[in-house]
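Architecture at a glance
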Amino acid sequence: MAKAPVLTPQAEDFPRWYQDLINKAELADNGPVRGTMVIRPYGYGLWERMQQEMDARIKDAGALNAYFPLFIPQSYLTREAEHVEGFAPELAVVTHGGGKELDEPVVVRPTSETIINDYFSKWIQSYRDLPLLINQWANVVRWEMRPRVFLRTTEFLWQEGHTAHATYEDARDYAAYIHKEVYADFMINVLGIDVVLGRKTPRERFAGAINTLTLEGMMGDGKALQMGTSHELGTNFSKAFNTTYLSKDGKQELAWQTSWGSSTRMVGGLIMSHGDDNGLRVPPRLAAVQVVVMAIKGDEAVAKVREIGDQLKAAGLRVQVDDRTDTPFGRRAVDWELKGVPVRIEVGPRDLEAGTAMLARRIPGGKEPGRIEALAELLPKVLEEDQAQLLKESRDRRESRTSEVATIEEAAEAAAAGGWARIPWATLGQEGEAKLAEQSVSVRCLVAEDGSVPDADDAPGTVAIVARAY
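To keep things clear, this report deals only with the structure shown in the data block.

Analysis parameters
Residues numbered from 1 in each chain as written. Predicted model: local features only at pLDDT ≥ 70, side-chain atom pairs only at ≥ 80, totals over all residues. Heavy atoms only, no water. Salt bridge = Lys/Arg side-chain N within 4 Å of Asp/Glu carboxyl O. Helix = DSSP H or I, 4+ residues; strand = E, 2+ residues; numbered from the N terminus. Pairing = 2+ DSSP bridges. Axes fitted to C-alpha atoms, helices over the stretch in contact; angles between N-to-C directions. Contact = heavy atoms within 4.5 Å. Expected span 1.5 Å × (residues − 1). Bend = angle between axes of the 7 residues up to and from the residue. Buried < 20%, exposed > 50% of the residue type's maximum accessible area, 1.4 Å probe, protein only. Parallel < 35°, antiparallel > 145°, perpendicular 65-115°, else oblique. Left-handed = near helix turned anticlockwise from the far one by under 90°. Nonpolar A, V, L, I, M, F, W, Y, C, P; charged D, E, K, R; others polar. Patch = residues over 30% accessible without salt bridge, like charges linked within 9 Å, V, L, I, M, F, W, Y side chains within 5 Å. Areas by Shrake-Rupley, 256 points an atom, 1.4 Å probe, with all protein chains shown as cover. Core = buried A, V, L, I, M, F, W, Y, C linked by side-chain atoms within 4.5 Å.

**Topic: the pattern of salt bridges**
Think of it this way: side chains of opposite charge can pair up when their charged atoms draw near. A full pass over the atoms with the stated rule returns 32 salt bridges. One salt bridge in this structure joins Lys339 and Asp335, with 3.1 Å as the shortest N-O distance. Separated by 4 residues within a single helix, Lys339 and Asp335 lie in helix 10 (residues 329–339), roughly one turn from each other. The residue Lys392 makes a salt bridge to Asp396 at a minimum N-O spacing of 2.6 Å. In this pair, Lys392 and Asp396 both sit in helix 12 (residues 375–400), 4 residues apart, roughly one turn of the helix. One network of salt bridges, in which partners are shared, links Glu26, Arg40, Asp335 and Lys339.

**Some words on the pairing of strand 6 (residues 100–108)**
Two faces, one strand: in a regular strand the side chains alternate between the faces of the sheet. Sheet topology places strand 4 (residues 71–73) next to strand 6; 3 bridges connect them, and they run antiparallel. Its bridge partner lying in strand 6, Pro73 is registered against Val106. Across 4 bridges, strand 5 (residues 93–97) lies against strand 6 in antiparallel orientation. Paired with Gly97 across the bridge in strand 6 is Lys100. The turn joining strand 5 and strand 6, which pair antiparallel and follow one another in sequence, is formed by 2 residues; a positive phi near 65° is taken by Gly98.

**A short note on the sheet that holds strand 15 (residues 291–295)**
Pairing is mixed across the open sheet formed by 5 strands, whose spatial order is 16-15-17-18-19. Where the open sheet ends on each side, the last strands, each with one partner, are strand 16 (319–322) and strand 19 (367–371). Adjacent strand axes in the sheet meet at a mean angle of 25°, parallel and antiparallel pairs treated alike. Pairing of strand 18 (residues 356–361) with strand 19 involves 5 bridges; the strand directions are antiparallel. Bridge pairing in strand 19 places Leu359 opposite Glu368. Docked against the sheet, helix 9 (residues 299–314) engages strand 15, strand 16 and strand 17 (343–347), running at close to 165° with respect to strand 15.

**Brief notes about helix 6 (residues 168–189)**
With 22 residues, helix 6 should cover 32 Å at 1.5 Å per step; its first-to-last C-alpha distance of 30 Å lies within 8% of that length. Of all the bends found along helix 6, the most pronounced is centred on Tyr183 and spans about 30°. Listed in full, the buried residues belonging to helix 6 are Ala171, Tyr174, Ala175, Ile178, His179, Val182, Tyr183, Ala184, Phe186, Met187 and Ile188.

**Quick notes on the packing of helix 2 (residues 41–60) against helix 6**
Helix-helix packing: each pair is described by the crossing angle between the helix axes and the interaxial distance. The contact between helix 2 and helix 6 brings their axes to 9 Å, and the two run at 150°. Considered as vectors, helix 2 and helix 6 are oriented roughly antiparallel to each other. The hand of the helix 2/helix 6 crossing is right-handed. On helix 6, the residues touching Met50, Glu53, Met54, Arg57 and Ile58 of helix 2 are Glu181, Val182, Tyr183, Asp185 and Phe186. Tallied by class, residues from the contact of helix 2 with helix 6 come to 6 nonpolar, no polar and 4 charged.

**Considering a nonpolar patch on the surface**
Among the surface-exposed residues, Val33, Trp143 and Met145 lie close enough to one another that they form a single nonpolar patch of about 300 Å² accessible area. Relative to the assigned elements, Trp143 resides in the loop between strand 7 (132–141) and strand 8 (155–165).

**Details of helix 10**
Where helix 10 is concerned, the buried positions are Arg332, Ala333, Trp336, Leu338 and Lys339. Here the buried face of helix 10 lies against helix 1 (14–24), helix 2, strand 15, strand 16 and strand 17. Within two residues after helix 10, Gly340 carries a phi angle of roughly 80°, on the positive side.

**Let's talk about the nonpolar core**
By size, the foremost hydrophobic cluster in this structure holds 60 residues, and its most contacted members are Leu27, Met50, Phe150, Met187, Leu191 and Ile271. Per-element tally for this core: the top contributor is helix 6, with 8 residues. Not counting chain neighbours up to four residues away, the residues in contact with Met50 comprise Phe186, Leu191, Met266, Val267, Leu270 and Leu286. Residues Leu91, Leu130, Ala164 and Phe241 belong to the second largest nonpolar core, which totals 22 residues.

Here's what the structure looks like:
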């Protein structure tokens, strides 16, 4: 009798495969309150690496980290009508504290535009205070009716950037810079996901924004996942919170603003983009553990794997030594394969005699022997090859499963078949977008014919990317 697979095969049940992998790879667990999650150490290690890579890019963009309160007076949200309307169904509201009813209910942070603007209005006095560029790493709460670990949870972790500028052009350009040079650079070159950069339609735009820029990734089942967004807020929040500055001409002017965010949803995107029936596959540039050095059995092998581990760490690789010879080798190998560590170095008694080790490459698959003394030079090249392969697979999947269509019906059929569709926005329009929404199909973004981001919703040649989405 054939052994049952460790994971439900993707082709059989993709959502079940996703949940199996999260459990078996020890990434996360469901929290005690519906919609919450417990992120386990290995899963949190992925998030920490995402934080490190993103934080460096955010600081290169000139933004500094700060922290704002979790609790926001409910009255703050009512100051910007479109904003409160957009978030009202998702709000968690605290009405009692310290054993008594509060004078004013407080909202558990769903996003921080309102409370940050309250302080921006105090900190900004003149044009010399601009631009003001702030980022915070925090948790937020948005009450989720259909939770799924990492993808949609009531509480999740994220970074949210908030900036104020003297002119519309400066704010517009900064939002575009974050979109391309921070988010796209990270997602493409570190996560290995070939995201599409585009502009949201008015229907999909962030509540309170005048423009939303998005990054959309195609998952293994052909659905789309919004990986991050960058918003031009115009002066909507400045008007509501009186965020003004004294210009060089001595006039009081409203500040122009942006906000932008990415979250632990990226962990879900990583899983669904690169995982296979054997588990996760972690891009080497992201991996908290790039190489695991495993002793198959025997005391001599244990000493040698520790020595190899030290040599590889000295060469700048992120390494973990697995010398647990009291646990069967096969079980440990399956565990590391589930976790998606890019390379396993397996060392046993016979390998020691020959001066070699077995390299098991998780991303392309397969094993090959290598000289132990050559590993420190060989592995960086191997890891870069595997990083490039994941990105190529992501790009090939999206290109092969994206159809050029001419009608609303063809767009809906392409999405239902597990792919994306490209349709001229002039053909689809807001009326066609509404019809697609009735079939659980959405316009993920608008792009120009050449794949760039259009300057306006109605720019000539604008194309809508249509898909089912998470």
